[in-house]
Amino acid sequence: MGTSPEQGLTEVTAPASGDWSGTGNFAFVDLAAEWGEPLSAPGYPDGYFRTQMAYDGFWPNSDGYAGPQGHLCNFTTGAAGVLNLDLSLDWLDFESFQEVTMHAQAELVVEVP
């Protein structure tokens with residue numbers, strides 16, 4: 001979430017190793033380009049928008065699930081400044097038709113290296 005697309009993500013990739021490394025390619029969506037207008041950011045002050053989104057469907061197989069801790073992904077931002085990161089993880093139990101959603105928000109200060 002940000003006040004401009006430059007404050008958002010430019011790339012999201014899976015880690016090279018670990019439970020989350022085989023989950024796919026983290027599809028990246030530039031929401032401003034896709035929708036042609038800023039999307040409001042629920043839970044943030046007026047003037048903040050959803051600018052980009054990355055998602056990946058980690059579907060468990062017979063070998064089990066990705067662990068509850070670990071390196072989830074690598075991300076790159078477009079510019080220094082404040083990055084408001086929204087993270088949602090969903091767990092689906094297909095047998096009982098139940099869904100559990102875990103949600104976290106973080107405000108990170110991105111500095112020029």
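Higher on the page you've got the structure.
Since the structure is predicted, the reported quantities are computational estimates derived from the model, not experimental observations.

Secondary structure summary: the protein chain contains one helix and eight strands in total. For the protein chain, the α and β elements follow one another from N to C terminus as β-β-α-β-β-β-β-β-β. Residue burial in the protein chain is summarised as follows: out of 113 residues, 19% are buried. By sequence separation, contacts in the protein chain at least 24 residues apart represent 60% of the contacts at least 6 residues apart. Surface exposure of the protein chain reaches about 8000 Å², of which carbon and sulfur atoms provide 54%.

Together, Leu87, Leu89, Trp91, Val100 and Met102 make up an exposed nonpolar region whose accessible area comes to about 390 Å². Sorting the residues of the nonpolar patch by element identifies strand E7 (81-93) and strand E8 (98-110) as the ones contributing at least two each. Per element, the largest residue contribution to the nonpolar patch is three residues, and it comes from E7. One can find leucine 87 in strand E7. Classification of leucine 87 as partly exposed rests on a relative accessible area of 36%.

Turning to the side chain of asparagine 84, a few remarks are in order. For asparagine 84, the location among the structural elements is in strand E7. On the basis of relative accessible area, asparagine 84 is assigned to the buried category, the value being 6%. Among residues more than four places away in sequence, those in contact with asparagine 84 are Met1, Tyr44, Tyr48, Ala106 and Glu107.

Among the structural elements, valine 100 can be located in strand E8. As for valine 100 and leucine 89, which are separated by 11 residues in sequence, their C-alpha atoms are 8.2 Å apart. Beyond its immediate sequence surroundings of up to four residues, valine 100 is in contact with Leu89, Asp90 and Trp91.

We now examine unusual backbone geometry. For phenylalanine 97, which is not glycine, the phi torsion reads 60° and is therefore positive. Note on placement: phenylalanine 97 falls in the loop between E7 and E8. Judged by its relative accessible area of 77%, phenylalanine 97 is exposed.

Pairing between E7 and E8: 13 bridges, direction antiparallel. Its bridge partner being in E8, leucine 89 is matched across the sheet by methionine 102.

Conventions we followed
- Residues numbered from 1 in each chain as written.
- Predicted model: local features only at pLDDT ≥ 70, side-chain atom pairs only at ≥ 80, totals over all residues.
- Heavy atoms only, no water.
- Helix = DSSP H or I, 4+ residues; strand = E, 2+ residues; numbered from the N terminus.
- Buried < 20%, exposed > 50% of the residue type's maximum accessible area, 1.4 Å probe, protein only.
- Contact = heavy atoms within 4.5 Å.
- Areas by Shrake-Rupley, 256 points an atom, 1.4 Å probe, with all protein chains shown as cover.
- Patch = residues over 30% accessible without salt bridge, like charges linked within 9 Å, V, L, I, M, F, W, Y side chains within 5 Å.
- Salt bridge = Lys/Arg side-chain N within 4 Å of Asp/Glu carboxyl O.
- Pairing = 2+ DSSP bridges.

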